[in-house]
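Listed below are the residues making up each chain.
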Amino acid sequence: MRRKTRIPPSPLPQRQGVDPVRVRLPATGSWGTVREHLVERLSGAGAGVVDGMFHTGRIVGADGRPVTADAPFEPGMFVWFHRDLPDEVPVPFPLEVVHRDEHIVVADKPHFLATTPRGGHVAETALARLRRELDLPALTAAHRLDRLTAGLVLFTVRPEERGAYQTLFRDRRVRKEYEAVAPFDAGLVLPRTVRSRIVKERGVLTAREVPGEPNAVSRVELDEHRDRPGGQSGPGGLARYRLAPATGQTHQLRVHMTALGVPILGDPLYPEVTAPAPAGDFRRPLQLLARALEFTDPVTGEEHRFRSGRTLAAWASYDRWAAGSHDGPSDGQ
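One structure accompanies this document, and this report is about it. Here the structure is a predicted model, which is why all the values come from computation and not from measurement. (Residues numbered from 1 in each chain as written. Predicted model: local features only at pLDDT ≥ 70, side-chain atom pairs only at ≥ 80, totals over all residues. Heavy atoms only, no water.)

### With respect to the layout of surface pockets
- Its boundaries defined by the atoms lining it, the second largest pocket holds a volume of some 250 Å³.
- Forming the boundary of the second largest pocket are Val21, Val23, Leu42, Ala45, Val49, Val50, Met53, Arg58, Phe81, His82, Arg83 and Asp84.
- The biggest single contributor to the lining of the second largest pocket is helix H2 (residues 47-55), with three residues.
- Taken together, the residues of the lining of the second largest pocket break down into eight nonpolar, one polar and three charged. (1 Å grid on protein atoms, 1.4 Å probe; cavity = no way out; pocket = protein on both sides within 12 Å on 5 of 7 lines; lining within 4 Å. Points joined across faces, edges and corners; volume = space filled by probe spheres on them. Helix = DSSP H or I, 4+ residues; strand = E, 2+ residues; numbered from the N terminus. Nonpolar A, V, L, I, M, F, W, Y, C, P; charged D, E, K, R; others polar.)

What follows is the structure in structure tokens.
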């Protein structure tokens, strides 16, 4: 049986709630020095950036001491460094904590705020914010919501318990309910359960349905509907839908609603990819909300039922949402 490598604790503290990057050198390779490997591995940053990090002592070993550029390559060696944080426009909406105990934190995330650091969203994420605001540096996410989706996210306080909560989602023992605002189609028979196979390829913005064994299952129900804004009757009204995903494929609900012919309002990817919004444009958020989470706590045995306090702006006031105005969380932000 292959022994699992023990990962040393990080010798560097967090910065703005963001962990340092940890790199383990490969077991085999032809690199003569640590620098040669990192220049190749971090080719996107450029050799000059890597050399600058070595020069300023920002790359350290397990003992916290700077690693020199000419340090010999050692298979399996760990090194750490802090990435240069990107310039991020702050998401100007509060991140509400709806529950906190010694094991978990449940937050009500606004639209536009990423759950965890990724790409150009690092310090301006729900995880980094909560670590800073709650002084919980060991906090981790048990699952993720898309950056454009608002609503409930579960975080774990103790690293050794994270696996137990992640297993809840893996084994589909969490009841999740979403709310969406989308066009109303009188000919669409609901409720129904949508089953399909969804694939999301790396580097491609959108997911797509393909033939094959279903890996995505969503229950779609009509909650209520109304005429088009302005009181006009006839086709083209709006509806509020209740969505219950049994699986967790990327963009699953957005793909399924589009396939039904009622794409979610404000979606920049479905049914068609639109031009990226400029940084700082927080108008017309995607009208998708993770409304409820229910599960049995795997550590305490307690039955948890959490609900988001947010409302979707297009349902509260379609004209104001369409015009791109907002006042904060009560307006669906």
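### Remarks on helix H1 (residues 34-41)
- Every buried residue of H1 is accounted for by Val34, His37 and Leu38. Buried positions in H1, seen along its axis, are confined to an arc of 95° and lie on one side of it.
- Taken together, the buried residues of H1 touch strand E1 (21-24), H2 and strand E2 (78-81). (Buried < 20%, exposed > 50% of the residue type's maximum accessible area, 1.4 Å probe, protein only. Arc of directions from axis to C-beta. Contact = heavy atoms within 4.5 Å.)

### Notes on the side chain of Gln252
- By secondary structure assignment, the location of Gln252 is in helix H5 (residues 252-259).
- Given a relative accessible area of 3%, Gln252 falls into the buried group.
- Look past the residues within four positions of Gln252 in its chain and what remains in contact with it is Ile198, Ala216, Val217, Ser218, Pro245, Ala246 and Thr247.

### So, the packing of H1 against H2
- Close contact between H1 and H2 brings their axes to 9 Å; oriented N to C, the two are set at 140°. Regarding the angle of H1 to H2, the classification is oblique. H2 is crossed by H1, and the crossing has right-handed handedness. When H1 is examined against H2, the residues Val34, Arg35, Leu38 and Val39 are found in contact with a partner set consisting of Ala47, Val50, Asp51 and Phe54.
- Across the contact of H1 with H2, the residue classes break down as six nonpolar, no polar and two charged. (Axes fitted to C-alpha atoms, helices over the stretch in contact; angles between N-to-C directions. Parallel < 35°, antiparallel > 145°, perpendicular 65-115°, else oblique. Left-handed = near helix turned anticlockwise from the far one by under 90°.)

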